[in-house]
Amino acid sequence: MTIRYLVRPGSALKGRFPVPGDKSISHRSVILGALAEGVTEISGLLEGDDVLATIAAFRAMGVVIAGPDHGHLRIEGVGLRGLKAPQTPLDCGNSGTAMRLMAGVLAGQTFASTLVGDASLHKRPMGRVLQPLTAMGAEIHAQDGKAPLQIQGKPLTGIHYDMPVASAQVKSAVLLAGLYAQGETCVTEPAPTRDHSERMLNGFGYMVSRQGSSACLQGGGRLSGQSMQVPGDISSAAFFLLGATIAPGSDLLLEGVGINPTRTGIIEILTRMGARIDLTALREIGGEPVADIRVRYAPLQGIDVPPHLVPLAIDEFPAFFVAAACAKTPSTLTGAEELRVKESDRITVMAEGLRALGVGVEERPDGAVITPAPIKGGQVDSHGDHRIAMAFAMAGLVASGSIEILDCANVATSFPSFPALAQAAGLSLEQLSA
Ligand code: S3P
């Protein structure tokens, strides 16, 4: 089924609501819960298609999982050595996290498995996980470093891996494989990336030591089942931070949002541009810092995004492009070539979409220069990229005419309740299916 959004201009965003569970943490809670000994009870799980794919994959390997039911999931962990050979390929759907993290888990099993996904996932680079996993002794076949991945489980040996790209998925894949490896596995990152795997492994009773930019663990330990709550996803909150910032008269309170410092780059970038964002009720949930975030309309200035903030806001650049289009002065993004290998080529797709709405964007190999202009109505193609669809939906708040956004079904991968929450907050969004 194809879904289009039709967004009519001219409203403000108001109200207070919790944002749905964090996608990265939800995936990891399923993976670690399945590999743990004993029962894991999760609340606040994101019931998006990506996480459902991870749940289905572990069920196919014999793990008994009840739910999800209103964000609650109960996993009967089978222990690190308890997975069974799947009878069919494991389908990761649209999810790079599912595929790369599961490649790490499957590399050290005693059985063979195959990981597949949708057309977008089959275009994304998997060499970045195949290379370190192969160095650990894994046997993985892929054509041109792309899925499908055929994995023949093998005994693994720990490595010290210096990651060439700042990628939490690669770091996590290597650490998960390290659970099965002989000796110590260490991953060193060129810049800080989200550290949910390290925090959660510790939370499940598996020691991960961190020294500077390295995370290390010893193979052969055990994970113990946990009760845990998943905080709200700052990457989903980002669309509301954008919408409320650009639409005059807006005032929103987003409740229970994760503010792990490896994820808050978008707050820093928008604040440097002039946004009015206040964090209140700071607390800790499931080993992660959380806050309620109040955001009100504010006029924005352009920014040269500091390169060190790029990995800390890696999923938020579709929202940033729209914010930059609404600022008073131009913005420059550099050091963001990773955006070209996300669910779509986010530099090209955002540039094309903004140009269709009258905004000047000069593409660079590793970023773009965005020259603000009044946003017109028009048609944009999200190319099946959930975050691009949601960013352009928010652009509709300040456009001079209606914006039609094509190919929006994948919003359900990360934020199934987005249309309903956006409508309730005041966005005039109509969902059309064919
Ligand atoms: C994720 C890491 C990021 C991010 C993705 C989720 C994760 O990817 O873009 O949406 O859960 O580890 P990279 O690690 O490839 O940058």
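Residues numbered from 1 in each chain as written. Predicted model: local features only at pLDDT ≥ 70, side-chain atom pairs only at ≥ 80, totals over all residues. Heavy atoms only, no water.

Things to note about the UniProt feature "binding site: phosphoenolpyruvate" (unreviewed entry) in the protein
Right, so step 1: As recorded in UniProt, the sites labelled "binding site: phosphoenolpyruvate" (unreviewed entry) are K23, G96, R124, Q169, R346 and R387.
Right, so step 2: Here G96 lies in helix 3 (residues 96-107).
Right, so step 3: With residues up to four places along the chain from it excluded, the contact list for G96 reads L121, R124 and Q169.
Right, so step 4: Note on placement: R124 falls in the loop between strand 7 (112-116) and helix 4 (127-135). (UniProt positions renumbered as here; feature names shortened; annotations may be inferred. Helix = DSSP H or I, 4+ residues; strand = E, 2+ residues; numbered from the N terminus. Contact = heavy atoms within 4.5 Å.)

A few points about the domain arrangement of the protein
Right, so step 1: Per the domain assignment, the segments making up the protein are domain 1 (3-21 + 232-433) and domain 2 (23-229).
Right, so step 2: Listed as interface residues are 27 residues of domain 1 and, on the opposing side, 25 residues of domain 2.
Right, so step 3: Around 2,100 Å² of area is buried between domain 1 and domain 2 when both sides are counted, 47% of it from carbon and sulfur atoms.
Right, so step 4: Among the residues domain 1 hides against domain 2, the three largest losses belong to R263, E343 and T413. Together they make up 24% of the total.
Right, so step 5: Counting across the domain 1 and domain 2 interface gives 3 salt bridges.
Right, so step 6: Of the charged contacts in the structure, one is a salt bridge between D315 and R194, with a shortest N-O distance of 3.2 Å.
Right, so step 7: Ranked by the residues each element gives to the side of domain 1 that touches domain 2, the list is headed by helix 12 (residues 411-414), at 3 residues.
Right, so step 8: Counted by class, the side of domain 1 that touches domain 2 contains 10 nonpolar, 9 polar and 8 charged residues. (Domains from an automatic or database assignment. Buried area = accessible area lost by both parts, 1.4 Å probe. Salt bridge = Lys/Arg side-chain N within 4 Å of Asp/Glu carboxyl O. Nonpolar A, V, L, I, M, F, W, Y, C, P; charged D, E, K, R; others polar.)

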